[in-house]
Amino acid sequence: MSGTDLSRMREMNQLSVLWALRGTPPSTVTELANRTGLSRPAADVLVQQLVADGWAEVEEPGASSTVGRPARRYRFRAKAGHVLGIDIGVHKILVMLCDLEGNLVQSLRRPADPQAGPAERLAAVDETIDDVLHEAGMATPDIWAITVGVTGPVDENGRSIISTPLPGWREADPVAHLRTRFTCPIRVENDCKLAAVAERWKGVAQDADDIVYLLAGLRTGAGLIIDGTLRRGHGGVAGEIGALKAVRWLNAPGHLTAYPGAPSGAKPGEAAAWVFQAAREGDSAAKTAVQRYIRDLAVGVAALVLTLDPQIVVYGGGFSRSADLVLDSLRRELAKHCLRVPELRASTLSDEGVALGALRLALDQVDNTLLSSQLAAPVAPQFS
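Residues numbered from 1 in each chain as written. Predicted model: local features only at pLDDT ≥ 70, side-chain atom pairs only at ≥ 80, totals over all residues. Heavy atoms only, no water.

Here helix α4 (residues 118–136) spans 27 Å end to end across 19 residues, near enough to the 27 Å set by a 1.5 Å rise per residue. Buried within α4 we find R121, L122, V125, D126, T128, I129, V132 and L133. Axial view of α4: buried residues confined to an arc of 170°, hence all on one face. In α4, the exposed residues that point more than 90 degrees away from the buried face are A119, E120, H134 and E135. Considering only its buried residues, α4 is in contact with β3 (82–88), β4 (92–99), β5 (104–111), β6 (143–150) and α5 (174–179). Looking one or two residues past α4, G137 carries a phi angle of roughly 70°, positive in sign. (Helix = DSSP H or I, 4+ residues; strand = E, 2+ residues; numbered from the N terminus. Expected span 1.5 Å × (residues − 1). Buried < 20%, exposed > 50% of the residue type's maximum accessible area, 1.4 Å probe, protein only. Arc of directions from axis to C-beta. Contact = heavy atoms within 4.5 Å.)

Written out as structure tokens, the structure reads:
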């Protein structure tokens, strides 16, 4: 075997030890050897090198360890690098920072002007990122990957490809904007798709591989996870079934936002919340409005269910706060159309799902571009 082959084998074995440390409690050399199939001496040498290179660290024994000398334990050094997840919404900007194990380090939410143009909105994103990094005591080189969530479908370059509620956003290039500051990989993804990823990672769908996520609010959208993989489609528009007028998603929220009994001057979101609450209190006209909304919503959901046969449909977005009024009726409507009705669950991630999904994809980017291919001392991966 050549020197190159031996070097590559050592690197692969070192990666095996590193992956054996990821997401597990602090481990002894014997435990690492058992997990990787390596000999104990080989595992010992490799984990010592990981410590020297900054990928692993020794877990100091606790004060309660009083009998004999405890076996030394090692853990993955999650703080070797960090990633950013950013949600650029119509009404808010949310930036989250986590370490390489997905532990949240810092989070900051700022209101956004719905009428702000791309330059003003991106300037607000920059300011929020700066404040997050400052509070965490970090600088731009400490960030290893960034994922940004935006409203509406995006192409492979992160550009919006059809209409979006963000004014002027089709002219925006968030990747190029962030590239002036960061050298790490940067990705832009649709908000519904990111929220679906978050549900499988941190939400109510952690036990499922086939998921339809519904973003239910002033607009209705869907994110799809099939066989455990986020589906974008060839052009990034998978799940955009609401574009088909026959499924009635475009008009469904209007049953709530244009309800004539809502308080005068209420904004659309406030009017919808008022209708849900009135229905909860027994107002018959409000209950009718909610039922009409559900009936229209069910048309598109049924189409997705019949096409994909998911295990779970997650009801998320702003209207998920009123899932108690929606899910039972939605289940009955789906039973009229579907051969099999999947389990319906309400999201518990509130409005953090998009940023959380962005964190998950950023972590996946680190794994794919760095940990799976080459292993050197921890430095931020460079864009190429």
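Having seen the structure, we can now continue with the description.
A few words on the pattern of salt bridges. Oppositely charged side chains are able to pair whenever their charged atoms sit close together. Considering all chains together, one arrives at 25 salt bridges under this definition. Between R22 and E101 there is a salt bridge, with its nearest N and O atoms 3.9 Å apart. Remark: E101 occurs in the loop between β4 and β5 and R22 occurs in the loop between α1 (3–21) and α2 (29–36); sequence separation between them is 79 residues. Given the relative accessible area of 13%, R22 is considered buried. A relative accessible area of 27% places E101 in the partly exposed class. Counted as one network, the salt bridges with shared partners bring together R22, E101 and D367. (Salt bridge = Lys/Arg side-chain N within 4 Å of Asp/Glu carboxyl O.)

This paragraph deals with the packing of helix α8 (residues 268–280) against helix α10 (residues 323–337). Following both chains from N to C, one finds α8 and α10 inclined at 75°, their axes separated by 10 Å at the closest point. Considered as vectors, α8 and α10 are oriented roughly perpendicular to each other. Contacts between α8 and α10 pair F276, A279 and R280 from the former with D324, L325 and V326 from the latter. (Axes fitted to C-alpha atoms, helices over the stretch in contact; angles between N-to-C directions. Parallel < 35°, antiparallel > 145°, perpendicular 65-115°, else oblique.)

Before going further, it helps to examine the UniProt feature "domain: HTH marR-type" (unreviewed entry) in the protein chain. The positions UniProt marks with the feature "domain: HTH marR-type" (unreviewed entry) are residues 9–61. Secondary structure over residues 9–61 splits into 66% helix and 8% strand, and the C-alpha atoms at its two ends are 32 Å apart. (UniProt positions renumbered as here; feature names shortened; annotations may be inferred.)

Attention now goes to the side chain of D99. Mapped onto the elements, D99 comes out in strand β4. As a buried residue without a salt bridge, D99 has its nearest oppositely charged side chain in K79, at a separation of 4.4 Å. Separated by 2.9 Å, the side chain of D99 and the backbone nitrogen of E101 make a polar contact. Among the polar contacts made by the side chain of D99, one reaches the main-chain amide nitrogen of N103 at a distance of 3.0 Å. Apart from residues no more than four positions distant in its own chain, D99 is found in contact with A78, K79, G81, H82, V105 and L363. (Lys, Arg positive; Asp, Glu negative; His and termini not counted. Polar contact = N/O pair within 3.5 Å; in protein donor to acceptor, adjacent residues only side chain to side chain.)

The next subject is helix α9 (residues 284–308). Helix length check: α9 (25 residues) gives 35 Å between terminal C-alpha atoms against 36 Å at 1.5 Å per residue, within 8%. Of all the bends in α9, the greatest, near 25°, is centred on A298. With a side-chain oxygen lying 3.1 Å from the backbone nitrogen of A285, the N-terminal cap of α9 falls on D283. Two residues or fewer after α9 comes D309, characterised by a positive phi angle close to 50°. (Bend = angle between axes of the 7 residues up to and from the residue.)

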